Amino acid sequence: MSILTSVINSVLDGGYRVMKVLRFGKSDVQTADEATPYGLDSSAVKDMIAVFSDTVTKGEPVIIGYLNKQQLAQPGEFRLYSTDNDGNLITYIWLHNAAGDGQIELGGTTDNAVLYSKLETAFNQLKNDFNNFVTIFNSHVHPGVQTGGGSSAVTTTLGTDSSADITPAKNNKIKTL
Amino acid sequence: MELKIGTRKLDLYNNVSVALHYDSVASAFSFDFYFDPNNADHKAMFLPGSYSPVTIDHNGERLITGILLSPKFKSDSVRRGVTISGYSKTGVLEDCEIPTSSYPLQAIGLSLGNIAQRIIKPFGLNLVIDPSVSSNVNSVYKSTTADDKQTVKSYLCELAGQKHVMLSHDEMGNLLLTQAKITQQPIFDFTNGMPNVAMELNFDGQRMHSSITLQKQATKTGKGNAGQSSFSNPYVTSTFRPHVTRQTSGTDVDTALCARNMLSEELKGLTLTIDLDRWTLNNKVIRPNNIITVTNPDLYIYKKTKFFITSVELKGDNNAQVATLTCTLPEVYSSTTPKNIFL
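Residues numbered from 1 in each chain as written. Chains lettered and ligands numbered in written order. Predicted model: local features only at pLDDT ≥ 70, side-chain atom pairs only at ≥ 80, totals over all residues. Heavy atoms only, no water.

1. Topic: helix α3 (residues 112-120) of chain B
Moving on, step 1. For α3(B), the full list of buried residues reads B:L112, B:G113, B:I115, B:A116, B:I119 and B:I120. When α3(B) is viewed along its axis, its buried side chains cluster within an angular range of 165° and face the same direction. (Buried < 20%, exposed > 50% of the residue type's maximum accessible area, 1.4 Å probe, protein only. Helix = DSSP H or I, 4+ residues; strand = E, 2+ residues; numbered from the N terminus. Arc of directions from axis to C-beta.)

2. Considerations on helix α5 (residues 152-162) of chain B
Residues lying three or four places apart along an α-helix face the same way, a consequence of the helix completing one turn every 3.6 residues.
Residues and elements named next belong to chain B.
Moving on, step 1. Taken together, the buried positions of α5 are V152, Y155, L156, L159, A160 and Q162. Projected down its long axis, α5 carries its buried residues within an arc of 155°, all on one side.
Moving on, step 2. Where the residues of α5 are buried, they touch α2 (92-95), α3, β10 (140-145), β11 (166-169), β12 (175-178) and α6 (255-267).
Moving on, step 3. H164, located one to two residues past α5, shows a positive phi value of around 55°. (Contact = heavy atoms within 4.5 Å.)

3. Brief notes about the domain arrangement of chain A
Moving on, step 1. Entries for chain A in the domain assignment read domain 1 (2-66), domain 2 (70-112) and domain 3 (116-169).
Moving on, step 2. Here domain 2 of chain A and domain 3 of chain A have C-alpha centroids that lie 46 Å from each other. (Domains from an automatic or database assignment.)

4. Describing the sheet that holds strand β16 (residues 228-232) of chain B
Residue and element names in this part refer to chain B.
Moving on, step 1. Spatially, 3 strands are ordered β16-β15-β17 in an open sheet, and the strand pairing comes out mixed. Each edge of the sheet is formed by a strand with only one pairing partner; in this case those strands are β16 and β17 (242-246). Strand-to-strand, the axes of this sheet are offset by a mean angle of 15°, without reference to chain direction.
Moving on, step 2. Helix-sheet contacts for α6 involve β15 (211-215), β16 and β17, and the interaxial angle to β16 is about 30°. (Pairing = 2+ DSSP bridges. Axes fitted to C-alpha atoms, helices over the stretch in contact; angles between N-to-C directions.)

5. Points about the pairing of strand β3 (residues 29-34) of chain A
Residues and elements named next belong to chain A.
Moving on, step 1. Within β3, 5 of the 6 residues are buried, which leaves it mostly tucked inside the rest of the structure.
Moving on, step 2. In the sheet, strand β2 (residues 16-22) pairs with β3 via 5 bridges, with the strands oriented antiparallel. Pairing of K20 across the sheet is with T31, part of β3.
Moving on, step 3. Judged from the 2 bridges that link them, β3 and strand β5 (residues 62-66) form a sheet pairing that is parallel. Bridge pairing in β5 links E34 to I63.

6. A word on the packing of α3(B) against α5(B)
Residue and element names in this part refer to chain B.
Moving on, step 1. Two numbers describe how α3 lies on α5: the axes approach to 11 Å, and their chain directions differ by 175°. Here α3 lies roughly antiparallel to α5, going by the angle between them. On α5, the residues touching L112, I115, A116, I119 and I120 of α3 are V152, Y155, L156, L159 and A160.
Moving on, step 2. Of the residues contributing to the contact of α3 with α5, the split by class is 10 nonpolar, no polar and no charged. (Parallel < 35°, antiparallel > 145°, perpendicular 65-115°, else oblique. Nonpolar A, V, L, I, M, F, W, Y, C, P; charged D, E, K, R; others polar.)

7. Topic: the sheet that holds β5(A)
Through backbone hydrogen bonds, the strands of a sheet pair up, either in parallel or in antiparallel fashion.
Moving on, step 1. The 5 strands are arranged β1-β2-β3-β5-β4 (chain A) in a closed barrel whose pairing can be described as mixed. Shown here is a sheet whose adjacent strand axes are inclined to one another by a mean of 55°, direction ignored.

8. With respect to the environment of B:I115
Residues and elements named next belong to chain B.
Moving on, step 1. Looking at the element boundaries, I115 is found in helix α3.
Moving on, step 2. Classification of I115 by relative accessible area gives buried; the value is 0%.
Moving on, step 3. For the pair I115 and D147, spaced 32 residues apart in sequence, the C-alpha separation works out to 14 Å.
Moving on, step 4. Contacts of I115, omitting those with residues within four sequence positions, involve A107, L110, Y141, T144, Y155, L156 and L159.

9. Points about the environment of B:E265
Residue and element names in this part refer to chain B.
Moving on, step 1. Mapped onto the secondary structure, E265 falls in helix α6.
Moving on, step 2. Judged by its relative accessible area of 40%, E265 is partly exposed.
Moving on, step 3. Sequence separation between E265 and L47 is 218 residues, and the spatial gap between their C-alpha atoms is 40 Å.

10. What about the nonpolar core?
Residue and element names in this part refer to chain B.
Moving on, step 1. Ranked by internal contacts, the top residues of the largest apolar core, which has 58 residues, are F31, F46, F190, I274, F307 and L325.
Moving on, step 2. In terms of residue count, strand β22 (residues 301-316) provides more of this core than any other element does, 6 residues in total.
Moving on, step 3. Non-local contacts of F190, meaning those with residues more than four positions away in its chain, are made with V197, M199, I274, L276, L281, I292, T293, V294, T295 and L325.
Moving on, step 4. Ranked by size, the runner-up nonpolar core spans 26 residues in total, among them L112, A116, V152 and L167. (Core = buried A, V, L, I, M, F, W, Y, C linked by side-chain atoms within 4.5 Å.)

11. Some words on the interface of chain B and chain A
Interface size, as often reported, equals the accessible area lost upon joining of the parts.
Moving on, step 1. Contact with chain B, which involves 25 residues of that partner, is made by 16 residues of chain A.
Moving on, step 2. When the area that chain B buries against chain A is broken down by residue, the three leading residues are B:Q106, B:Q217 and B:K220, summing to 34%.
Moving on, step 3. At the boundary of chain B and chain A, one finds 2 salt bridges.
Moving on, step 4. Residues B:E158 and A:K58 are paired through a salt bridge, measuring 3.1 Å at the closest nitrogen-oxygen approach.
Moving on, step 5. The tally of links between chain B and chain A comes to 10 residue pairs in polar contact (both at pLDDT 80 or more).
Moving on, step 6. Contributions of two or more residues to the side of chain B that touches chain A are made by β8 (106-111), β10 and α5 of chain B.
Moving on, step 7. Within the side of chain B that touches chain A, the residues separate by chemical class into 7 nonpolar, 12 polar and 6 charged. (Buried area = accessible area lost by both parts, 1.4 Å probe. Salt bridge = Lys/Arg side-chain N within 4 Å of Asp/Glu carboxyl O. Polar contact = N/O pair within 3.5 Å; in protein donor to acceptor, adjacent residues only side chain to side chain.)

12. With respect to the state of the cysteines
Moving on, step 1. The tally for this structure, following the rule as stated, stands at 0 disulfides over all chains.
Moving on, step 2. Free cysteine: B:C157, not disulfide-bonded; nearest cysteine sulfur from B:C258 at 13 Å. (Disulfide = S-S within 2.5 Å.)

Given below as structure tokens:
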């Protein structure tokens, strides 16, 4: 039988999260191991409503979930979030569905993450352009040089503008703060 | 027999019945009484809902310290009086769930003694621990919990079973944690043909199984090796009747004990009843938790066999006093390997 209970607190015991909850009435305090999907490690805050479930063996109940009250995900989406002790949102990761263009939100949508390889390509382009210019600079000569005051003609080998562009490094699929 | 309600001794009673139980938290009684509606004492004693204290003695031996539970008044053209019934003070534990004042229901690191004391305290009951089980009674459970809808008796029985302790009561109305006295000397030797003795043996074949296997769910630190234990029933060897069930309380360590307890439950299907024309043997009231021996080929008991008295019903009226003894195999209350008494 499953019972709605109220979270009091939790402790870690040898890698297990043991939830202390208030089950029935005002003084039926119970402890139960928390069961979660494999690889998921989270800790519910006080006063969350936890689903307490007995197992075949008395005295070995488990908490099988919580009645989350900050659900925003649309069908097909997945959202992880953290809160403060009062349950106020601190940050989140939101994997959007197709309607949300498959975007991944890391705590916000103001900015974009970057694609490293594209950024590297642009950087290397800029670096090559710069190095070419250094080579030109170091080997340049000025024809028509005169002694004393005066002017000379422009160098015979001219530098060119860099073609580096980091626009392709903008990651429109990963938005962030 | 001497009956008292409060401090008032009753004289005009009839059809008395006292059922003394071992494997129970209470014994029961009933009797008829001439009720005079104009008698102030009678009115005070039999007030419905008074739950008045009752004591029952016989030849100076206390049999029950209990409460008056259910008066049943009758009236027609002939005055009929009242039929009174009740049970031991501890009987309330069969009828009530754990009071919220004894919460929390979960107990971590407490013993059977600790838990029992805490739960029965609001009922004004006392706990008596037989020295033979004090070690088990004082050993702690890692974690245990009661169901909120479970009666006190049910919960304590469940806990006691895990420690091989019997939940019973004494004649003074105390809750008793004890162990069956199956190694004591028999109080009487019954044989067929004894005058004014009738015996009946019943073997409930449907209740019996050739093997009892108990399986437990995985434990969180057990690395997947869930407990499992099996026992064979020596009374079912010629046919295949397996019983497979779940362990619903206790740890992996308790699985074998729980399986053995289930075998004991099956062995209760072999019962012997003895009707006698008296309430006493050797000048003492016949009580449960005693051993007798029986030899009676009429009952397929060809050799002298020990039986354990689990309950005794004493009945009496103006004409006679009779007793009915209900007995089981001593192995029901021990962890020893049972032997087939018929072979």
